[in-house]
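One-letter residues, chain by chain:
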Amino acid sequence: MDIKEYKDIYVFCEEKDGAINDASLELLGEARRLVENRPQLGYKVIGVAIGNLDEDLINEIGYHGADKIIWLYNKDINHYSTEIFTTLFVDEVIKKDKPDIVLIPATVMGRDLAPRIAARCDTGLTADATKLEFDPENENSSLLYVTRPAFGGNLFGTIVNETKRPQMTTIRPGVMEKLPKDASRQFEIDKREVSIVNINDPVKLVEVLPRDHMAVDITKADIIISGGRGIGDNFHILEECAKMIGAEVGASRGAVDKGYIAKDHQVGQTGKTVRPKVYIACGISGAVQHLAGMEKSDFIIAINKDPDAPIFSVANIGFVGDALEIVPLITEEIKKYRERPY
Amino acid sequence: MNILVLLKQVPDTTEMQIDKETGTLIRTGVPTITNPDDLAGFEMALRIKDEKNAKVTCLTMGPPQAKSMLRELYAMGADECILVSDPKFGGADTWATSNTLAAVIKTLDYDLIIAGRQAIDGDTAQVGPQTAEKLGIPQITYVDDILEITDEKIKVKKALENSYEVLECPLPALITTLSTIATPRYMSVKGISHAFEKDIKVVTFNDIDIDPSIIGLKGSPTKVKKTFTKEAHKNSDVLELDPKTTARKIVETLIDFKFIGK
Ligand SMILES: Cc1cc2nc3c(=O)[nH]c(=O)nc-3n(C[C@H](O)[C@H](O)[C@H](O)COP(=O)(O)OP(=O)(O)OC[C@H]3O[C@@H](n4cnc5c(N)ncnc54)[C@H](O)[C@@H]3O)c2cc1C
Ligand SMILES: Cc1cc2nc3c(=O)[nH]c(=O)nc-3n(C[C@H](O)[C@H](O)[C@H](O)COP(=O)(O)OP(=O)(O)OC[C@H]3O[C@@H](n4cnc5c(N)ncnc54)[C@H](O)[C@@H]3O)c2cc1C
């Protein structure tokens, strides 16, 4: 393998629910930042999309930072298939175009696809990156330094792949910043009609079950905003805030016993043990049985009227105040942040 | 039916402490456990065995200490346990790990391979799919339930971000399971006494046919340049501010720590 033949940054763009998902747009933003910080490489950002997609979606990829979009098109590709996507990405992109770097969002789809592609090309794959930079010690190098958490977030490692190409990485959604949409950007669309007659994916989709079928599973959430008896029957305030943040709603047993919210949401000794990145406790006193279920959270924010509430003893930051007033203001602030112009 | 379960012995990361002086992980004295996703997958294998008389084989690659995990798996109901262990395999990244696992698996009979979705130490979720690719068999990741299994095919429920998919696939195939798929059973008293009579088969480098340049630390394309721990957080600033400033501070904290993106 001649490493010098490989160039540019390729971003796999995932379609989800009729749009290119944010996780992919964030990677386009990050790829732009990388190439612009090292102009001497002369690298381009190339988006890769697969399937029978709307032309509008392909344009979105350009509006968010791609110089070129390779669109592997076949009218019969209407949902994700591990085998079809792997084969097309390897045969039609990696073998033909020789990318130096391939970025894939660490979504359920990305984490199914990326290891399969990397194994087929016999290259390294770094998982769940939270930070990317080019070799800080050599300004002409395109060696990617990839930082990622391991050991349940207790340790971070910086990983490199010096010997194989492409350098492949998956990146956690929500970590990188997408660029604002710019409909005046210039980009090229390289639409390639691909054949799938010789690709057999034995996995067949039988049906899709919508979210309504799912019980809440707060243990998987990265952010939990939890309420106690201090919230009373105003849990809708927390739900609105959770939606805006991208969080799940948790609760104390005090609130569950009062019937303010379903038992699925209960955190604590007789509820669920959670360990999110952020736990926001609102109007929860902090009884030991509650703390048992959440004190291992990476970062704890508490809001309580009572400055002596025991919840403050486990919080990283505590705020004395009325949660009913503060929570809607958080929702508003986040809304503003998300809509801010650049 | 032959079911092969891939399991990894891991440090209990919830018990992990950081040495504040050196900023490194304190690994000594940290209890080891069977990776939770794998143990849940193993329980599913045992349930299939209870119903259909399958043979359940457990396979792990790791240092000799991993035998303690395999004894427990025998006590829970495994039929055969294999330890792949050789200093030459050590320090492998996920690519080298899957090359080794696949080389061993090729010498075994299997209809279904169950791996965990993700190991709690390395945390990559890559070994399952990479092993399937090396074996040339189909995969279904993020499996939250097995709905049906026959000698010919499997039907499962896969968890996506905000929906489920029901997928069907002929065997042989590899699935990766979530820890929520099943609550593992306890070891039985009878099982524990049998566990010590059973043999753990040890596979070393010389027992398999593999190119030494694709295994272990040396064969791994990804290299860890450096490791560091996150800053220990300060305990408890309790602030009393007006509601608007409070809200703004909370949102700034979420953004500064990159807990939320745009
Ligand atoms: C065997 C056993 C098991 C248990 N298991 C669990 C469990 O799994 N989970 C659990 O949570 N509990 C559990 N408990 C119950 C636990 O002991 C507490 O009773 C419970 O956690 C209290 O809930 P709370 O904090 O919501 O209510 P309270 O203790 O009544 O606290 C309400 C708090 O809200 C504050 N407040 C009021 N109004 C506002 C406002 N507007 N803004 C801000 N703050 C306000 C108050 O200052 C107070 O601190 C268990 C108890 C037992 C005995
Ligand atoms: C800080 C740090 C960062 C790392 N980052 C990367 C990286 O980005 N890319 C990379 O390729 N490697 C990386 N590694 C190496 C990686 O952790 C090892 O290769 C590890 O042995 C397997 O990866 P995992 O723990 O992530 O397993 P996962 O891929 O998360 O495991 C998934 C499943 O595969 C099965 N499995 C995994 N390992 C074994 C085994 N030894 N025996 C039997 N079954 C097994 C289990 O069923 C498990 O549930 C890193 C290591 C460290 C210390």
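Given the structure is predicted, the values throughout are model-derived calculations rather than measurements.

A. Representation of the overall build of chain A. Looking only at helices and strands, one finds eight helices and 18 strands in chain A. Along the first, second and third principal axes, the C-alpha set of chain A runs to 65 × 50 × 40 Å. The 342 residues of chain A split such that 60% are buried. Restricting the contact set of chain A to residue pairs at least 6 apart, pairs at least 24 apart contribute 62%. Per element, the accessible surface of chain A, about 14,200 Å² overall, is 47% carbon and sulfur.

B. The arrangement of the pattern of salt bridges in detail. Evaluation of the coordinates by the stated rule reveals 34 salt bridges over all chains. For Lys178 of chain A, the salt bridge goes to Asp22 of chain A, with nearest N and O atoms at 2.9 Å. In this pair, Lys178 of chain A sits in the loop between β11 (167–171) and β12 (188–193) while Asp22 of chain A sits in helix α1 (residues 22–37), placing the two residues 156 residues apart along the sequence. The partner of Arg47 of chain B in a salt bridge is Glu43 of chain B, with the nearest N and O atoms 2.9 Å apart. On the criterion of helical spacing, the pair formed by Arg47 of chain B and Glu43 of chain B is a turn pair, its members being four residues apart in helix α1 (residues 36–52). A relative accessible area of 36% places Arg47 of chain B in the partly exposed class. The network of salt bridges with shared partners includes Arg32, Glu36, Asp67 and Arg185 of chain A.

C. Structural detail: the site of ligand 1. All names here are of chain A. In the vicinity of ligand 1, 24 residues are found, and the nearest of them are Arg229, Ser252, Thr270, Ser285 and Asn304. Contact distances for ligand 1 include 2.9 Å between a nitrogen atom and a backbone N or O atom of Val267. In the environment of ligand 1, an oxygen atom lies 3.1 Å from a nitrogen or oxygen atom belonging to the backbone of Gly283. Summarising the interface, the protein chains cover 74% of the accessible area of ligand 1, which totals 980 Å² for the free molecule.

D. Spotlight on the site of ligand 2. The environment of ligand 2 is made up of 32 residues, and the closest members are Arg148 of chain A together with Lys8, Asp38, Thr94 and Thr124 of chain B. Neighbouring residues of ligand 2 are distributed over chains A and B. Asp93 of chain B places a polar main-chain atom, nitrogen or oxygen, 3.3 Å from an oxygen atom of ligand 2. The contact in question runs from an oxygen atom of ligand 2 to an N or O atom on the side chain of Thr124 of chain B, over 2.6 Å. Contributing elements (two or more residues each) for the shell around ligand 2: β7 (125–129) and β9 (144–150) of chain A together with β6 (55–61), α3 (94–105) and β8 (112–116) of chain B.

E. Spatial organisation of a nonpolar patch on the surface. Taken together, the side chains of Met187, Ile192 and Phe196 of chain B define a hydrophobic patch exposed on the protein surface, amounting to about 310 Å² of accessible area. In this fold, Phe196 of chain B is placed in the loop between α5 (189–195) and β13 (200–203).

F. The arrangement of the sheet that holds strand β6 (residues 99–105) of chain A in detail. All names here are of chain A. The seven strands lie next to each other as β7-β11-β6-β1-β4-β5-β12, forming an open sheet whose pairing is parallel. The open sheet is flanked by β7 and β12, the only strands paired with a single partner. Adjacent strand axes in the sheet meet at a mean angle of 20 degrees when their direction is disregarded. With five bridges connecting them, strand β4 (residues 45–50) and strand β5 (residues 68–73) associate as parallel partners. By the bridge assignment for β5, Val48 is matched with Ile70. In the packing of helix α2 (residues 55–63) onto the sheet, contacts are made with β4, β5 and β12, and the angle to β5 comes to roughly 150 degrees.

G. Main features of the interface of chain A and chain B. If you look at the interface, chain A gives 85 residues, while chain B gives 81 residues. Both faces considered, chain A and chain B share a buried interface measuring about 7,700 Å² in area, 59% of it formed by carbon and sulfur atoms. In terms of surface lost to chain B, no three residues of chain A exceed Val108, Arg116 and Phe151 of chain A, which account for 9% of the buried area on that side. On the surface where chain A and chain B come into contact, there are five salt bridges. Taken together, the links from chain A to chain B amount to 25 residue pairs in polar contact (both at pLDDT 80 or more). By residue number, the principal contributor to the side of chain A that touches chain B is helix α8 (residues 323–339) of chain A, which donates 10 residues. Here the residues of the side of chain A that touches chain B sort into 40 nonpolar, 17 polar and 28 charged. Here strand β10 (residues 155–161) of chain A runs beside strand β14 (residues 222–229) of chain B; their pairing, made up of seven bridges, is antiparallel. Residue Thr158 of chain A lies in a different strand from β14 of chain B, and its bridge partner there is Lys226 of chain B.

H. Up close: the pairing of β6 of chain A. Residue and element names in this part refer to chain A. Across the seven residues of β6, seven count as buried, placing the element largely inside the fold. Two strands pair when backbone bridges link them, and β6 and β11 are joined in this way by five bridges, in the parallel orientation. Bridged to Ile104 within β11 is Thr170.

I. Local environment of the domain arrangement of chain A. Each assigned domain of chain A is listed here: domain 1 (3–193) and domain 2 (213–339). Spacing between the C-alpha centres of domain 1 of chain A and domain 2 of chain A amounts to 35 Å.

J. Quick look at the nonpolar core. Of all hydrophobic cores here, the largest spans 41 residues; its most connected members are Phe42, Leu73, Leu112, Ile146 and Ile154 of chain B. If sequence neighbours within four positions are ignored, Ile146 of chain B has contacts with Met44, Ile48, Ile154, Lys155, Val156, Ile175 and Ile181 of chain B.

K. Region of interest: the packing of aromatic side chains. All names here are of chain A. Counted by the stated rule, this structure contains seven aromatic pairs over all chains. Ring geometry for Phe12 versus Phe89: centroids 6.2 Å apart, planes at 65 degrees, classification edge-to-face. On the criterion of sequence distance, the pair formed by Phe12 in strand β1 (residues 7–12) and Phe89 in helix α3 (residues 82–97) is long-range, its members being 77 residues apart. When its relative accessible area of 0% is taken as the criterion, Phe89 is described as buried.

L. α3 of chain A, seen in detail. All names here are of chain A. With 16 residues, α3 ought to run about 22 Å at 1.5 Å a step, and its terminal C-alpha atoms sit 21 Å apart, in line with that. The largest bend in α3 comes to about 30 degrees, at Val90. Across the 16 residues of α3, 13 count as buried, placing the element largely inside the fold. Downstream of α3 by a residue or two, Lys98 has a phi angle that is positive, lying close to 50 degrees.

Scoring rules and cut-offs
Residues numbered from 1 in each chain as written. Chains lettered and ligands numbered in written order. Predicted model: local features only at pLDDT ≥ 70, side-chain atom pairs only at ≥ 80, totals over all residues. Heavy atoms only, no water. Helix = DSSP H or I, 4+ residues; strand = E, 2+ residues; numbered from the N terminus. Buried < 20%, exposed > 50% of the residue type's maximum accessible area, 1.4 Å probe, protein only. Contact = heavy atoms within 4.5 Å. Areas by Shrake-Rupley, 256 points an atom, 1.4 Å probe, with all protein chains shown as cover. Salt bridge = Lys/Arg side-chain N within 4 Å of Asp/Glu carboxyl O. Near = heavy atom within 4 Å. Polar contact = N/O pair within 3.5 Å; in protein donor to acceptor, adjacent residues only side chain to side chain. Patch = residues over 30% accessible without salt bridge, like charges linked within 9 Å, V, L, I, M, F, W, Y side chains within 5 Å. Pairing = 2+ DSSP bridges. Axes fitted to C-alpha atoms, helices over the stretch in contact; angles between N-to-C directions. Buried area = accessible area lost by both parts, 1.4 Å probe. Nonpolar A, V, L, I, M, F, W, Y, C, P; charged D, E, K, R; others polar. Domains from an automatic or database assignment. Core = buried A, V, L, I, M, F, W, Y, C linked by side-chain atoms within 4.5 Å. Phe/Tyr/Trp six-rings, centres within 6.5 Å; stacked < 30°, edge-to-face > 60°. Expected span 1.5 Å × (residues − 1). Bend = angle between axes of the 7 residues up to and from the residue.

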